[in-house]
Amino acid sequence: MKTIIVILLFLISLPVRADHIIGGEMYYDYLGSNNYKFYISMYKDCTAGAPFDSPMILAVHSGNMLIQAVEVPYPGFTAVPITYDNPCATPPPGLCIQNAVYTIVLNLPPTAVGYDIAYQRCCRKPNITNIINPGDTGFTLTCSIPGGANNNHINSSPRFSGYPPGLLCINDELIHDQSATDPDNDELIYSLTTPYQGGSPTNVAPTPGPAPYPYVNWAGGISAANPLGPGSAISIDANTGELTASPAITGLFVIGIRVQEVRNGIIIGETVLDFLLQVFDCNIVLAASLPNQEELASFVSYCQGLTVNFENESWGTQEFYWDFGVPGTTTDTSTDTNPIFTYPTDGIYEVMIIANPSGNPCVDTAYMTIEVHEPFTASFTAPDTVCIENNSVDFDGTTDALPVSIITWDFGANVTPGTANTIDVNGVNFGTPGTFNVTLEVANGQCVETFSSDIVVLDSPEAIIVLPPEIECDGLIIDFGNSSTNATNYQWDFGDATTTSDFEPTHEYLGPGTYTATLSAWTLPICTSTTSETFVLNEKLEVEFVTDEWQCFIDNSFDFDATVAGPPTATFTWDFGPNASISSSTDIDVFDVNFNVTGYIPITLTGSFDDCEESVTHEIYIYTPPTIDFTLEPGLQCVPFNAQFINLSSSETELFYHWDFGDGNVSAEANPSNLFDEVGHYPITLTIWTTSGCIDTLTLTQQDIVNVRPSPEAAFSVDPDYTDICHSVVHFTDESVGATQWFYWYDDSTSFGMEQHPAHLYYTDGWHRPMQVAENEWGCKDTAYAELFIEPFTIYAPTMFTPDGDEFNNTFLPIVYLEVVTWNMKIYNRWGQLMFESNDVDAAWDGIMSNGRMAQVGTYTWKITYVSCEPSNDERIITGHISLDR
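Residues numbered from 1 in each chain as written. Predicted model: local features only at pLDDT ≥ 70, side-chain atom pairs only at ≥ 80, totals over all residues. Heavy atoms only, no water.

## Examining a nonpolar patch on the surface
Filter applied, for reference: In this analysis, a patch consists of residues with relative accessible area above 30% that form no salt bridge, clustered at 9 Å for like charges and at 5 Å for the nonpolar side chains Val, Leu, Ile, Met, Phe, Trp and Tyr. Here the Shrake-Rupley method, with its probe set to 1.4 Å, supplies the accessible areas, and only the displayed protein chains count as covering residues. A pairing counts as a salt bridge when a side-chain nitrogen of Lys or Arg comes within 4 Å of a carboxyl oxygen of Asp or Glu. A run of H or I in DSSP counts as a helix once it spans at least four residues, and a run of E counts as a strand once it spans at least two, with each numbered from the N terminus. Buried, partly exposed and exposed residues are distinguished by accessible area as a fraction of the type maximum, computed with a 1.4 Å probe on protein chains only: under 20%, between the cut-offs, and over 50%, respectively.
On the surface, a nonpolar cluster with roughly 260 Å² of combined accessible area is contributed by Val729, Leu761 and Tyr763. Structurally, Leu761 is set in strand S62 (residues 759–761). Looking at Leu761, the relative accessible area reads 31%, which means it is partly exposed.

Right, dumping it as structure tokens:
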């Protein structure tokens, strides 16, 4: 069977690029007087030809400042033995490791920021599995001297005291003491970390720069916590430094282990071990293997008896020798593959198995620890509930464990005693109420039997009766309140030969008088409290009355009929308010009460005796009589006139309407409208009525509210309706009927006129839509529109001419469609030289320059400055381009 072997290799340093660096660490000792001795331990694969660096370059920085770069002489190397103790496995060939430990003493005075010391080297082995581009990746070894106050600079750094074994098979879990020591005895904390890189293929042994230093780049799926790849496991105990590793794939794996030193709760430094694990296939022919006791299929606990069914996980042989580890005897052996053995007594035994005891071709041994005990039980009896007053509890424990077993009681806090070590404990006193979990533990070696039970300690109850605050006024039915504490059971005696166990009862007494009520409250019969209250009861005051719910204000008259009850000494008083014909009365029934206001009016009847009072209030409502009024929405009344009427009538109940508009039209709406399409005078009549509250019918006629006037008819004509911008005076002729005033808007900027027959000079060309508003003496208006068009002033300039002497297109002449007042045309070449100029609108350019020579083929710029015949009379400038071709 093939298994994978792990080899632990460490980085080294060479003077030239060498892909054989496999491990290293840096640490220092404080020698006194600011002197520090530095140790740089380097490891390399001795099969590679390149030697260690001679000398090594070490850089010292304080913050970002380089203090010094020193050369450390080469000390020579020693061979590192490969640990290998499995005769049944075939090791990989050619394993060879060399170690060189460089040392140097430096004097470094204290600073506020301390020092960083570093060494860098390239390169790592090119076939490393878990980092990117390993052949071009170097490494950095570094340590720091703390700065600041408290003499932290007086420090020696931690250093690792051991390394993993040279070979490890994949099926063998590596468990190795990877702890460190610290000369100052500072607290040490261990963790896995990402190692640093440093140096490059072009600068293999540089002088290191200041910290921080870059980390190696992990391959996909790899991290500092899992550097061995999928299916593998590795961890280090943060407190002890115990390293555990189980690689699952072959290859070379960079791993970093960090130890931090902590002083007074502050991390002051660290040492990083940068190393390489090389995983090989190995061939193991046989192996002895035993499971842990807990992994046995028959395992239940260490207290399941003295017989053990052993399971053999060895392989590669059928010959075995067992020694079950019973001292003082030689008969505790077996040659069975999976033996069953019964131990003579409780105890812990070391079991050994030898696989292939004949030793041909090899022999292997494995061990396991067995602990066996006879099973036993534990329990106790005690009251489950006690009262806090004068409590004293006896606990009777039982167990069938051996006499040497340890008895431990835990009664909890505020208990005397809190613990005990005898099987029976008497007179246990609980100091506070509550639930106490009492535990009895019986222990014999690994066997522990525990029994727990809750003891409830009840607080002393207090019975408290809560009477209604005015019990003498509440009548004969009383709601008793209960504010008792620390009780679950209650017994009431109402003082009239009746009782109940309700928590807060309601009780009806048969008549008035003086009574004493008693309440007993308890949780246990031994925890009881009793209290009494004496009180006087009277007949309950009761008042009620009936009357009309509402009346109309006109001729209102209310009768009030009361129903009352109470003690013989009770009196009853009415309160009708300040707006009634009588404000109060002591009669039971009161008749013909009138009110001088409308709306809701509260009426109160109050009964009283001694300090007791009972009142009832009801509201009556008095309606306001309806009123009638209306108006018309203001505005001109020009035919056709759509009149909008506004109802101003009021009523507290629903109103009904009938409108008569005087033109044969009617409406039942509250706020109607009516279209009057003929001139005339119209009287308007409104009738309203109600069917509830104050029932009434009212009518109002307004004679002069609607007087419809005639409207004018707007009309006009324009002359001319088609012209140009240079002849843009347009005459307006009024053709309206019945108008006395006219308003014209010319649709030309903001221009307008108010003459009857105006004339207007237009300054803008294009389509225009002027408007006339005709108005008569009553302010009635009408609107009319007309349309006219004004041609714009236009200049057309061609874009090319060909002065080649033929009969076509020999000159450049812009065409002007209307008159001009002034004219200037200039033509320039592309360098801005003037080619032609004329003030004559009919003068054309024939391509001849001012010097009499013919212009070249090309593009020319023209510029025209002119004043047109337009009314604005502004000087304008336009430009363009003309192409000359032949």
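## A short note on the sheet that holds strand S15 (residues 233–236)
Where we set the bar: Strand pairing is assigned whenever DSSP identifies at least 2 bridges connecting the two strands. Here, axes are lines fitted to C-alpha atoms. For helices the fit covers the stretch in contact, and angles between N-to-C directions go from 0 to 180 degrees.
Strand order in the open sheet formed by three strands is S12-S16-S15, and the pairing between neighbours is antiparallel. For this open sheet the edge positions go to strand S12 (174–177) and S15, each flanked by a neighbour on one side alone. The mean inter-strand angle of the sheet, taken between neighbouring strand axes irrespective of direction, is 10 degrees. Here S12 runs beside strand S16 (residues 242–246); their pairing, made up of four bridges, is antiparallel. For Ile175, the partnering residue across the bridge sits in S16 and is Thr244.

## Let's talk about unusual backbone geometry
Cis geometry marks the peptide bond from Val639 to Pro640, where omega comes out at -5 degrees. Among the secondary structure elements, Pro640 is positioned in the loop between strand S50 (630–632) and strand S51 (641–647). Each neighbour pair has its own omega, and for Asp719 with Pro720 the value is -5 degrees, a cis peptide bond. Considering the arrangement of structural elements, one finds Pro720 in the loop between strand S57 (716–719) and strand S58 (722–724). At Asn264, a residue that is not glycine, the phi angle is positive and equals roughly 55 degrees. Since its relative accessible area comes to 76%, Asn264 is described here as exposed. The phi dihedral of Asn486 is positive, around 60 degrees, even though this residue is not glycine.

## Considerations on the nonpolar core
Heads up, the condition is: Nonpolar cores are built from buried Ala, Val, Leu, Ile, Met, Phe, Trp, Tyr and Cys residues. Side-chain atoms within 4.5 Å join them into one set. The contact criterion used throughout is that any non-hydrogen atoms of two residues lie within 4.5 Å.
Phe732, Ile827, Trp845 and Tyr860 are the most contacted members of the largest nonpolar core, which totals 35 residues. Those elements that provide at least two residues to this core are S57, strand S59 (729–734), strand S60 (741–745), strand S66 (788–791), strand S70 (820–828), strand S71 (834–838), strand S72 (858–868) and strand S73 (875–884). Considering each element in turn, this core owes the most residues, four residues, to S72. Dropping the residues within four chain positions of it, Trp845 is found in contact with Phe801, Asn810, Thr811, Phe812, Ile827, Met835, Phe836, Ala855, Tyr860 and Leu884.

## A word on the sheet that holds strand S20 (residues 320–323)
Spatial strand order, S21-S20-S23-S24: four strands in an open sheet with antiparallel pairing. Looking at strand neighbours, the two that pair on one side only are strand S21 (333–334) and strand S24 (364–372), the edges of this open sheet. As paired elements, strand S23 (residues 347–355) and S24 share nine bridges and run antiparallel to each other. Of the residues in S24, the one forming a bridge with Gly347 is Val372.

## Observations concerning the side chain of Thr865
With respect to the secondary-structure elements, Thr865 resides in strand S72. A residue is classified by how much of its surface remains accessible, and Thr865, at 16% relative accessible area, is buried. Non-local contacts of Thr865, meaning those with residues more than four positions away in its chain, are made with Thr822, Trp823, Asn824, Glu875, Arg876 and Ile877.

## A short note on the packing of aromatic side chains
Threshold: Here is the rule: rings of Phe, Tyr and Trp (six-membered ring for Trp) pair when centre to centre is within 6.5 Å. Planes less than 30 degrees apart are stacked, more than 60 are edge-to-face, and the remainder are tilted. Consider the ring centre and the ring normal. A charge sits over the ring if Lys NZ or Arg CZ is within 6 Å of that centre and within 35 degrees of that normal.
What the rule picks out here adds up to 63 aromatic pairs. Judged by centre distance (5.1 Å) and plane angle (65 degrees), the ring pair of Tyr490 and Phe503 falls under edge-to-face. Of this pair, Tyr490 sits in strand S37 (residues 489–493) while Phe503 is found in the loop between strand S38 (499–500) and strand S39 (506–508), placing the two residues 13 residues apart along the sequence. Judged by relative accessible area, Tyr490 falls into the buried class, the value being 10%. Three or more aromatic residues joined by ring pairs form one cluster here, namely Phe310, Trp322, Phe324, Phe341, Tyr343 and Tyr349. In this structure, Lys44 is placed above the aromatic ring of Phe52, and the distance from its NZ or CZ to the ring centre is 5.4 Å. Stacked on the ring of Tyr785, the Lys or Arg Arg769 has its end atom at 4.0 Å from the ring centre.

## Considerations on the confidence of the model for the chain
Which entries qualify depends on this criterion: As a per-residue measure, pLDDT reflects the predictor's confidence and takes values from 0 up to 100.
Taken residue by residue, the chain gives an average pLDDT of 90. The fraction at 70 or more is 95%. Highest mean pLDDT in the chain belongs to strand S52 (residues 655–660) (97); lowest belongs to strand S1 (residues 2–10) (37). Overall, residues 1–15 carries pLDDT values under 50, and its contacts beyond four positions in sequence, including any with other chains, amount to 116 contacts.

## Quick look at the pattern of salt bridges
For the structure on display, the rule yields nine salt bridges. Between Arg124 and Asp274 there is a salt bridge, and its shortest N-O distance comes to 2.8 Å. Taken together, the positions of Arg124 in the loop between strand S9 (115–121) and strand S10 (139–145) and Asp274 in strand S18 (residues 266–284) put the pair 150 residues apart, joining distant regions of the chain. Arg124 gets classed as buried once you look at its relative accessible area, which sits at 1%. Note that Asp184 and Arg263 form a salt bridge whose closest N and O atoms lie 3.5 Å from each other. Here the residue Asp184 occupies a position in the loop between strand S13 (180–181) and strand S14 (187–193), and Arg263 occupies one in strand S17 (residues 251–263), the gap between them amounting to 79 residues. With relative accessibility at 30%, the residue Asp184 sits in the partly exposed group. Owing to a relative accessible area of 16%, Arg263 belongs among the buried residues under this scheme.

## What to know about the environment of Asp765
By the secondary structure assignment, Asp765 is in the loop between S62 and strand S63 (766–768). Separated by 105 residues in sequence, Asp765 and Glu870 have C-alpha atoms that sit 9.8 Å apart. Here Asp765 is in contact with Ile725, Ile790, Glu791 and Pro792, once residues within four sequence places are set aside.

## Structural notes on the pairing of strand S28 (residues 406–410)
Only one face of S28 is buried, namely the one carrying Ile407 and Trp409, since none of Ile406, Thr408 and Asp410 on the opposite face is buried. As defined by bridge partners, S28 adjoins strand S32 (residues 434–444) across five bridges and the pair is classed as antiparallel. Residue pairing across strands places Thr408 opposite Glu441, the latter belonging to S32. As paired strands, S28 and strand S30 (residues 419–420) are joined by two bridges and run antiparallel to one another. Of the residues in S30, the one forming a bridge with Asp410 is Thr419.

## Describing a negative patch on the surface
Definition in use: Positive charges come from Lys and Arg, negative ones from Asp and Glu, while His and the chain ends are left out of the count. Charged groups are reduced to one reference atom each: NZ for lysine, CZ for arginine, CG for aspartic acid, CD for glutamic acid.
A contiguous patch of negative charge, built from Asp548, Glu549, Asp559, Asp561, Asp587, Asp589 and Asp592, is present on the exposed surface. Contributing elements (two or more residues each) for the negative patch: strand S44 (558–565) and strand S47 (589–593). Here Asp548 shows up in the loop between strand S42 (542–546) and strand S43 (550–552).

## Topic: the state of the cysteines
Which entries qualify depends on this criterion: Note on terminology: disulfide denotes any pair of cysteine sulfur atoms within 2.5 Å.
Under the counting rule described, the total for this entry stands at seven disulfides. Put simply, Cys303 and Cys447 are joined by a disulfide, and their sulfur atoms are 1.6 Å apart. With the S-S bond torsion at -135 degrees, the cross-link from Cys303 to Cys447 turns out left-handed. Taken together, the residues span a long stretch of sequence, with Cys303 in the loop between S18 and strand S19 (307–309) and Cys447 in strand S33 (residues 447–458) at a distance of 144 residues. Take Cys447: its relative accessible area is 0%, and that puts it in the buried class.

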